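Residue-level structural notes
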Amino acid sequence: MRWWRQAMREPAVNGGVGLARGRRVVIGPTSSRFRFEPLSAENRTAWLAAAAQCTYAPAAALEASLIDLQLQQGQAAGNVLIFREGLREPVALLPGELITRGGRFAGLRGLVSRTGGLLLTACGLSDAADVREFAWRTLVRSYYPDALRLDYVEIRTAPKMAIEQPASVFRMIPFDYGYVDLNTILYADLSGELLVKFKPKVRREVLRGLQALEDLHLLRGQEPALLRQLSSLEAEKAAELGVARTPDAHFARVLASPLYQSFVAADHRPLAAVIVSLHDGMATLQYNASTPEGKRRFINKGLLVRAMLDCQQGGARSFVLGNGREDARYGQTSARDVDVAQVTFFKRSLSTHEALCCRFFYPLSAKAQVALGVLQWSSRWGGVATWRDAE
């Protein structure tokens, strides 16, 4: 316990004793080569610069308006910058959203890293193993449970890492054991001719959709009418599924961001919409909606393939459509369950490849350990859906 007594004598928050919510927090045995800082207005610029260096960072880690929103709402403490002593720029980031679960697991507080865990900059790649060890000892074992009072950590595989560097996924996970939820990522390979990669029936449907688009008004980019059309489609979609609608403020933020591309097909009203993100050769479907008419005329498929082709011209190598195992996790007893199955079927029809991805859970408290144990040994995998619905 010599390291613990030494840490008690050190004044710094990172690597010693600090204050969090009015009490002392002891940070465990870590290398003096590194320190960390929670995201703040003062290091916001450093965060965005570091995220831009990480080739597999998803759009959520790069979006300045989303970072600013988290700072304004006081929800930024789960985002951490890791520095190497002597360097002013961070060598790694660990993005995380603070959530409190409801439903069956009500009251559990967690940190969900939807962006893949540790994001290493060019300077941090050579220190990947040491950064991972630092994050384990300092963040997972001390900062999260002691300063943030969290019950668990959840990290989801970054799509680009799962597709292009699956052997390196372990470097992004700052713990060696826990619970794993297996899933897959559906994606389309954008190299070469895209349409010939689809099955004949799907190819015919896509061609019909592309032909229908020629007679419609295609809105894209930052056209003023886009927000109104997206809002209208989302209201119809939410009413059909009986779920809360995505607020207009979200669409306004997306439309203002250079990280996203938006497409809406409309005649006298919107029929289908697609929003994608594009970063360093990886395009990702962020939003998709369609009216019954849009589905019947295959406008939804034609518009999505049109977005794929645009991303291909913009330098994208892969187009991520979403997870491939969602249809097996729901009981299909409600409108939302049926929609999940239909959406997964739709995405699978337009994918050309499927890659393994995972969600990694590490319990920080006894109640999280029990909850994840129940989830693991549940007789029906609907327990996974219950966990997700409680977010």
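Everything here concerns the structure above.
Criteria and cut-off values
- Residues numbered from 1 in each chain as written.
- Predicted model: local features only at pLDDT ≥ 70, side-chain atom pairs only at ≥ 80, totals over all residues.
- Heavy atoms only, no water.
- Buried < 20%, exposed > 50% of the residue type's maximum accessible area, 1.4 Å probe, protein only.
- Helix = DSSP H or I, 4+ residues; strand = E, 2+ residues; numbered from the N terminus.
- Contact = heavy atoms within 4.5 Å.
- Pairing = 2+ DSSP bridges.
- Axes fitted to C-alpha atoms, helices over the stretch in contact; angles between N-to-C directions.

As a further point, take helix α9 (residues 248-256). Here α9 has its buried residues at Phe 251, Arg 253, Val 254 and Leu 255. Tucked inside the fold, the buried residues of α9 contact α4 (64-72), α8 (225-241), β12 (260-266), β13 (270-279) and β14 (282-290).

Within the open sheet, the ten strands sit side by side as β6-β7-β9-β16-β10-β15-β14-β13-β12-β11. Their pairing is mixed. Two strands bound the open sheet, and with one partner strand each, they are β6 (97-100) and β11 (217-220). Pairwise comparison of adjacent strand axes, ignoring direction, gives a mean angle of 25° for this sheet. The strands that helix α11 (residues 299-313) touches are β10 (179-189), β11, β12, β13, β14 and β15 (318-323); relative to β13, the one it contacts most, it runs at about 25°.

Non-glycine residue Arg 149 carries a positive phi angle of around 60°. Within the secondary structure, Arg 149 is located in the loop between α5 (128-147) and β9 (152-156). Arg 149 sits in the partly exposed class, given a relative accessible area of 48%. A positive phi is found at Asp 280, a non-glycine position, where the angle reads about 50°. As for its position among the elements, Asp 280 is in the loop between β13 and β14. Here Asp 280 falls in the partly exposed class, since its relative accessible area comes to 41%.

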